[in-house]
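Each chain, written out:
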Amino acid sequence: QVQLVESGGGLVQAGGSLRLSCAASGRTFSRYVMGWFRQAPGKEREFVAAIRWSGDSTNYADSVKGRFTISRDNAKNAVYLQMNSLKPEDTAVYYCAVNKRNWAFDKTLYDYWGQGTQVTVSS
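Let me sum up the structure you'll find in this document. Quick caveat, the model's predicted, so the values are computed rather than measured.

Some words on the overall build of the protein chain
From N to C terminus, the protein chain includes zero helices and eleven strands. Shown N-terminal to C-terminal, the secondary structure of the protein chain runs as helices and strands in the order β-β-β-β-β-β-β-β-β-β-β. Over its C-alpha atoms the protein chain spans a radius of gyration of 13 Å, differing by no more than 12% from the 14 Å that the globule rule assigns to 123 residues. Projected onto its principal axes, the C-alpha positions of the protein chain cover 40 × 25 × 25 Å. Put simply, the protein chain has 123 residues, and 40% of those count as buried. Taking all contacts inside the protein chain whose residues are at least 6 apart in sequence as the whole, residues at least 24 apart take part in 57%. For the protein chain, the exposed area adds up to about 6500 Å²; of that, 44% sits on carbon and sulfur atoms. Here the protein chain contributes 15 positive and 10 negative side-chain charges, whose respective centroids are spaced 5 Å apart.

This is the structure in structure tokens:
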């Protein structure tokens, strides 16, 4: 099994920055996609960003494009999300997730999930 643990969440003012980290342990894969999703209270979980194993392809939700950057360190089995120019609407629990096969961004296609880390952006 693959276990994922997120960290780096917190409380920031609008316009500020946070860097989220996700550490993976357990079984590893020679090729896999890692992504970030988020969920606000009473809302559906939504896609934020994803990155291929090689790091040569990334994808972002329109709502975060130009503000967030996803990256990974395969030697450390880790993925990161640098969040800049944060807005109150970015407030949510952020989840790290793994897709073993697909270059896809639907939450139903991801195989493993972390417990989430809270990000709160005040106005």
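Regarding the nonpolar core
Grouped together as the largest cluster of nonpolar side chains are 34 residues, with contacts concentrated most on Met 34, Trp 36, Leu 81, Met 83 and Tyr 94. Sorting the residues of this core by element identifies strand 1 (2-7), strand 3 (18-26), strand 4 (33-39), strand 5 (46-51), strand 7 (68-73), strand 8 (78-83), strand 9 (92-99) and strand 11 (117-122) as the ones contributing at least two each. When sequence neighbours within four positions are dropped, the list of residues in contact with Leu 81 reads Leu 18, Arg 19, Leu 20, Trp 36, Val 48, Ala 49, Phe 68, Thr 69, Ile 70 and Tyr 94.

A look at the environment of Thr 91
Of note, Thr 91 is situated in the loop between strand 8 and strand 9. Sequence-wise, Thr 91 and Gln 39 are 52 residues apart; in three dimensions their C-alpha atoms are separated by 8.5 Å. Apart from residues no more than four positions distant in its own chain, Thr 91 is found in contact with Ala 40, Gln 118, Val 119, Thr 120 and Val 121. Looking at Thr 91, its side chain comes within polar contact range of the main-chain oxygen of Pro 88, at 2.9 Å.

Some remarks on the side chain of Arg 72
Here Arg 72 shows up in strand 7. Asp 73 provides the closest opposite charge to the buried, unpaired Arg 72, separated from it by 8.3 Å. A polar atom in the side chain of Arg 72 sits 3.1 Å from the backbone oxygen of Ile 51. Among residues more than four places away in sequence, those in contact with Arg 72 are Tyr 32, Val 33, Met 34, Ile 51, Arg 52, Trp 53, Ala 78, Val 79 and Tyr 80.

So, the sheet that holds strand 8
Taking strand neighbours across the sheet as the criterion, the four strands line up as 1-3-8-7 in an open arrangement whose pairing is antiparallel. The two strands at the open ends of the sheet, each matched to only one other strand, are strand 1 and strand 7. The sheet shows a mean angle of 15 degrees between the axes of neighbouring strands, taken without regard to direction.

Considerations on the packing of aromatic side chains
As enumerated under the stated definition, the model contains seven aromatic pairs in all. Summarising the aromatic geometry, the rings of Tyr 32 and Trp 53 are spaced 4.9 Å apart at their centres and angled 55 degrees between planes, so their arrangement reads as tilted. Remark: Trp 53 occurs in the loop between strand 5 and strand 6 (58-60) and Tyr 32 occurs in the loop between strand 3 and strand 4; sequence separation between them is 21 residues. Exposure remark for Trp 53: the relative accessible area of 29% places this residue in the partly exposed category. Through pairs of rings, three or more aromatic residues link up here, namely Phe 37, Phe 47, Trp 103, Phe 105, Tyr 110 and Trp 113. The ring of Trp 113 has Arg 45 sitting right over it, with the charged end atom 4.9 Å from the ring centre. Sitting above the plane of the Tyr 32 ring, Arg 72 keeps its charged end 4.4 Å from the centroid.

About the thresholds
Residues numbered from 1 in each chain as written. Predicted model: local features only at pLDDT ≥ 70, side-chain atom pairs only at ≥ 80, totals over all residues. Heavy atoms only, no water. Helix = DSSP H or I, 4+ residues; strand = E, 2+ residues; numbered from the N terminus. Rg over C-alpha atoms; globule rule 2.2 N^0.38 Å. Buried < 20%, exposed > 50% of the residue type's maximum accessible area, 1.4 Å probe, protein only. Contact = heavy atoms within 4.5 Å. Areas by Shrake-Rupley, 256 points an atom, 1.4 Å probe, with all protein chains shown as cover. Lys, Arg positive; Asp, Glu negative; His and termini not counted. Charge placed at Lys NZ, Arg CZ, Asp CG, Glu CD. Core = buried A, V, L, I, M, F, W, Y, C linked by side-chain atoms within 4.5 Å. Polar contact = N/O pair within 3.5 Å; in protein donor to acceptor, adjacent residues only side chain to side chain. Salt bridge = Lys/Arg side-chain N within 4 Å of Asp/Glu carboxyl O. Pairing = 2+ DSSP bridges. Axes fitted to C-alpha atoms, helices over the stretch in contact; angles between N-to-C directions. Phe/Tyr/Trp six-rings, centres within 6.5 Å; stacked < 30°, edge-to-face > 60°. Lys NZ or Arg CZ within 6 Å of the ring centre and 35° of its normal.

Function-wise, these values are silent; they only describe arrangement.
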